[in-house]
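What follows is the residue order along each chain.
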Amino acid sequence: MASRMVRTVKGDVPAESLGPMLPHEHLFVDLRGPYAPGYAEAEPERVVAVVKPYLAALEAAGGTALVDCAPVGVGRNVAVLRRLAQSTSVHIIAPTGTYREGFIPAAIADLSVEALAALWVDELTQGMEGTDSRAGFIKLAMSEHGPTEIEVRNLRAAALASRQTGAVIASHTIGGVVARREMDILEQARLDLRRFIWVHAHTEPETAVHVEAARRGAWIEFDAIGAENWHPQEALLQATLAFIEAGYADQLLLSHDAGWYDCSQPDGLPSPDGFRGYTALFEQFIPALRAHGVPEQMIYQITVANPARAFSIG
Ligand SMILES: [Zn+2]
């Protein structure tokens with residue numbers, strides 16, 4: 001039997017060869033969107049100079065793989081990701097897909113579900129933007145009161161592309177109301193929700209809603225670790241413990257949503273907080289889980305086995 005593979009920028013890697021993997025981070029972002037002058041442009045060497053120390057710190061902390069979650073529309077730059085992947089032994093996984101309404105490039109705005117799915121399948125199986133680097137998953141985003149009409153189109157295209165490739169869909173989704181609508185649409189499109197990651201699930205305060213989504217099959221991702229300004233860390237810890245206590249540790253993903261090189265800034269550093277690194281999970285959050293009695297085997301499950309299974313393809 002062929003082993004399960006995680007599809008990185010440099011090629012496929014056996015999922016079981018990976019150690020801790022961060023399922024939601026950022027290396028390079030342009031939140032100005034695709035209609036801004038100079039969108040997603042940067043000299044790859046400058047990006048490497050800024051980002052490389054943070055990848056080295058991740059590696060020193062024990063991390064072996066990082067999923068970059070900036071899709072087309074908020075700065076995906078394949079040349080930059082390829083250059084970064086060359087500079088580090090941390091495996092980098094890149095997305096196909098697109099961001100929410102308002103950030104969707106004109107070239108794909110009017111495509112049918114089938115045509116958009118075909119484009120994404122091509123990026124997952126052949127390569128992105130004329131390179132031999134293949135995307136490893138499908139990233140989407142929902143508006144705060146979405147999904148809007150074009151976001152429903154994106155969901156249906158993602159479901160079709162996922163069913164054809166086995167790629168997981170990770171979707172930026174604020175709160176349980178939008179998550180429910182989104183999962184309904186994906187199920188109508190015959191997606192097995194085990195191929196769906198509810199990104200930013202910590203924005204929903206109720207554990208019961210996390211459990212409801214997990215029962216339907218979804219991955220629940222808490223991805224604000226180390227970001228006290230975005231989400232109080234004690235609340236994040238309590239939500240994590242409650243979800244584990246409910247019996248769903250094998251559907252939990254943890255990440256920082258950290259980084260990144262911001263190409264709209266002259267120094268490449270995001271304003272006002274600067275570059276946030278990728279090590280708080282290892283240095284703060286896992287020790288806190290241990291202190292609350294979470295056993296070692298469960299920490300392995302959450303940080304190694306779960307992301308390897310979620311991001312296995314094919
Ligand atoms: Zn993110």
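Notes on the structure in this doc start here. Predicted model only: the values in this text are computed from it and were never measured.

Observations regarding the sheet that holds strand β8 (residues 137–141)
Piece 1. Sheet architecture is open: six strands sit in the order β7-β8-β9-β10-β11-β12, paired in parallel fashion. At either end of the open sheet lies a strand with only one pairing partner, and these are β7 (95–97) and β12 (252–254). Here the average twist between neighbouring strands, direction ignored, is 30°.
Piece 2. Here helix α5 (residues 149–165) sits on the sheet in contact with β7, β8 and β9 (169–172), set at roughly 170° to β8.
Piece 3. Helix α8 (residues 233–245) rests against β11 (219–222) and β12 of the sheet, and its axis sits at about 160° to β11.

What to know about the packing of helix α1 (residues 44–61) against helix α2 (residues 78–86)
Piece 1. α2 packs onto α1 with a crossing angle of 50° between their chain directions and a minimal axis gap of 9 Å. When the axes of α1 and α2 are compared, the pair comes out oblique. Crossing of α1 against α2: the hand is right-handed. Only Ala79, Val80, Arg83 and Leu84 of α2 make contact with α1, whose side of the interface consists of Pro44, Val47, Val48 and Val51.

What to know about α8
Piece 1. For α8, which comprises 13 residues, the first-to-last C-alpha distance of 18 Å matches the rise-based estimate of 18 Å (1.5 Å per residue) to within 8%.
Piece 2. The elements touched by buried residues of α8 are α7 (207–215), β11 and β12.
Piece 3. Gly247 sits one or two residues past α8 and shows a positive phi near 100°.

What counts, and where the lines are drawn
- Residues numbered from 1 in each chain as written.
- Predicted model: local features only at pLDDT ≥ 70, side-chain atom pairs only at ≥ 80, totals over all residues.
- Pairing = 2+ DSSP bridges.
- Helix = DSSP H or I, 4+ residues; strand = E, 2+ residues; numbered from the N terminus.
- Axes fitted to C-alpha atoms, helices over the stretch in contact; angles between N-to-C directions.
- Contact = placed C-beta atoms within 7 Å.
- Parallel < 35°, antiparallel > 145°, perpendicular 65-115°, else oblique.
- Left-handed = near helix turned anticlockwise from the far one by under 90°.
- Expected span 1.5 Å × (residues − 1).

Just geometry here; none of it tells us what the structure is for.
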